[in-house]
Every structure is written in structure tokens, then in C-alpha cells.
Amino acid sequence: MTSYTALKGCGCKVPQVTLQKYLSNIGDGTIGKETPDCSVIKYPDTRRCLVSTTDFFYPLVDDPYTQGEIACANVLSDLYAMGISRCDHMLMILGVCLDMTPAEQEVSTREMIRGFNDKAAEAGTVITGGQSVFNDFPMIGGVANTVIRDEEIVYPRKAREGDVLVLTKALGSRVVVNAYKWYKSKGERWEKVKGLISEEDMGRAYDICCGEMTSLNKSAAELMAKYKVHGGTDVTGFGILGHARNLAEAQERDVDLRIHTLPVIHRMLRIHDKVVNYKLTEGFAAETSGGILMIVPSESVDQLLKDFKQMESKEAWIVGEVMKGEKKAYIEKDFKTIEVS
């Protein structure tokens, strides 16, 4: 699958600054400012809203079933980032690769659809339609819609000084999937990497990464609603700092989001620092189907973390704090890292 595309997962996204220039020509130029992750349309004369989101991308793993799972989880994450744990229905967007043989097209397309559909069923939603095209690269994604009362939405703009930033998935997916491809090909890049990580550790990092990317952020959404968090975003194509900046700009109060900790998949920092620079430690490495970065009231954070571990059998991490400021986000100069294994 990955040999048919030069761009992988959310790494195929248009750069953030470029995208903002394009979006400035839509309407009054405020699109994506108040709710960076979803479109929220309030129905006239009711308290109900239509919340919609869409996403699609090219393969970043070779197993088409897993690729379908990742794509579905990634689409749903935008709803989950607003504390919405229910999706009424989804549409599927599908690109069938022209460079594949008919037999390859049949297997890859069937399995991507199956993975996407199974993940949608796990989320408690259904696929009701979509669109398919022939394309140079394999492609899968979709649209997620739900109708919900306005007061049930966790809008991303209520941060207060003293709140805590929590992240629910480890960073480093872009480094992992590329390093794993080098490992499988045993080419020149792997010769540079193999002294930094054993084959066993590379396989383990890949398994952790796929586990993170295929897991739904539904539990995070439920906890956001339960503990009345003050906002959130999912960490995907713009990296943790790129998405944190969008979140900071959406705030009502004059606050900054200070990131002091980066949880990164085991051994990936070593590879990133010595072999390839995806701007992971600068906060701009693309993540695919990443975690929720949420703004949690300080009095609720301990219990939220306990609940998350009980629900997901894994850790979430305190990665920063909200401080008085100018609606900016930044990574502390002396940030610390956590190796996730």
C-alpha cells in the first residue's frame, strides 16, 4: 500500500499557514477559528446543532484493513475533540489506485472498506453513503455527522489560568511508520537506523503506533463531557503545537497554552534526532489519528486520568498548563520527554 504513495497519512495535509491563506477567501475569513475541528451549524429556533467533519488521506501502513481502521478513527476524532461521543452516521470517501493490478485493487479496496466499516461499528455508528473515484494514490476517509443539543458540545474556548493540558495518545507516528518501512526494505536508510534500535524494538514501536492510531478517542470524549473540560482538539496533521496554537487562538480569555512534556513512542526520539527531522520536538510533526489534547480544570485532572486508565488500560499524560497570556501556544524551552513503551 505505502509503495503506491509518496505521502503518508496526515503527512499529506496542506501546511497550516498555506491552508489558512486559502481559507481566508471563504465567507468572512473566520472559518475554522471558533471551532477548529468541526463545522457547527445551529438550527434556527431550536437548541440543536448539526456537527460535521471530514478527513481523508493516503496509506501510511501496508495492511489495507488496518488502514481502513485508522482512517475511520481519524475522521471520528474531530467529533470526539468537542466532547461528542455519539456519531449519527458517516459517509465514506474512497480512492482506488490506478497503478494497482485489478487483483490488487480488489483486495486493497475490499479490506480498506472492511476496516473502516468495522471501526465505525465499534464506534456505534453506521455508514450511509459516500463517493469513490479512481486516483493515482490509494485513498480512504469520510464524513462524520451528528445532531446534538448545543449545551452538550464542549466548545474549545473556555480555558482558564491554572487549567491543565492532558494528551491521550503518544506522539511520533510519522517517525514510526517511516522507520518501519526502512526496516522492512533493509535499504540505505535502515543502515543508518539499525544502530539506534533493534529489530525487536522496531517491531514493538510499530505495534504501539498501530494500536494508538486504530484506537478510538471515544473514551476521551466521554470524559471531556463528564468533567466539563474547557476545550480540546485532536492532534493530527499540524502536530501538537500546530493544533495547540489553533486551540489557543480560539480562547475567550487572554491565556497561553504552555507545553512542558512530550510523550513519544519508544526509541523514536533517537531516530528523529540522528536520522530524520520531522520537527517532532518542535511540535510540528504530523500525527495520524492522534490523541485528544484537552484543557482540564485542575481540580478534576487526577480523577480524569484515573478514569481514562481504567477505561482504556493505558496512560494519558499531563503535558502542559494554561497561563495568563496572549492566546498563544508554545513548547517550553526545557521541555521533558516520556518514552512510551
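Before reading further, recall that the structure is shown in the block above.
Residues numbered from 1 in each chain as written. Predicted model: local features only at pLDDT ≥ 70, side-chain atom pairs only at ≥ 80, totals over all residues. Heavy atoms only, no water.

Q: Would you mind going over the nonpolar core with me for this structure?
A: Counting 98 residues, the largest nonpolar core has Leu76, Met90, Val166, Met202, Met268, Ile271 and Met294 as the members making the most contacts within it. Broken down by element, this core gets its largest block of residues, eight residues, from helix H2 (residues 64-80). When near neighbours in sequence (up to four residues on either side) are disregarded, Met90 contacts Cys72, Val75, Leu76, Phe116, Ala120, Thr125, Val126, Ile127, Thr128, Gly129, Val143 and Ala144. (Core = buried A, V, L, I, M, F, W, Y, C linked by side-chain atoms within 4.5 Å. Buried < 20%, exposed > 50% of the residue type's maximum accessible area, 1.4 Å probe, protein only. Helix = DSSP H or I, 4+ residues; strand = E, 2+ residues; numbered from the N terminus. Contact = heavy atoms within 4.5 Å.)

Q: Whenever I open this one, unusual backbone geometry confuses me. Can you help?
A: Outside of glycine, negative phi angles account for most residues, and trans bonds account for most peptide bonds. The backbone of Arg267 shows a phi angle near 75°, a positive value even though the residue is not glycine. Positionally, Arg267 belongs in the loop between strand E8 (255-265) and helix H9 (268-274). Despite not being glycine, Lys279 has its phi angle at roughly 65°, a positive value. Within the element layout of this structure, Lys279 appears in the loop between H9 and strand E9 (292-296). With relative accessibility at 43%, the residue Lys279 sits in the partly exposed group.

Q: How should I be thinking about empty space enclosed by the protein in this particular structure?
A: Rolled over the atoms, a probe sized like a water molecule indicates the empty space that remains. For the structure shown, the criterion picks out four cavities of 30 Å³ or more. Contributing to the lining of the largest cavity are Lys169, Ala170, Ser173, Cys209, Glu212, Met213, Ile265, Glu287, Thr288, Ser289 and Gly290. With three residues, helix H6 (residues 199-214) is the largest single contributor of residues to the lining of the largest cavity. Along the lines of polarity and charge, the residues of the lining of the largest cavity split into four nonpolar, four polar and three charged. (1 Å grid on protein atoms, 1.4 Å probe; cavity = no way out; pocket = protein on both sides within 12 Å on 5 of 7 lines; lining within 4 Å. Points joined across faces, edges and corners; volume = space filled by probe spheres on them. Nonpolar A, V, L, I, M, F, W, Y, C, P; charged D, E, K, R; others polar.)

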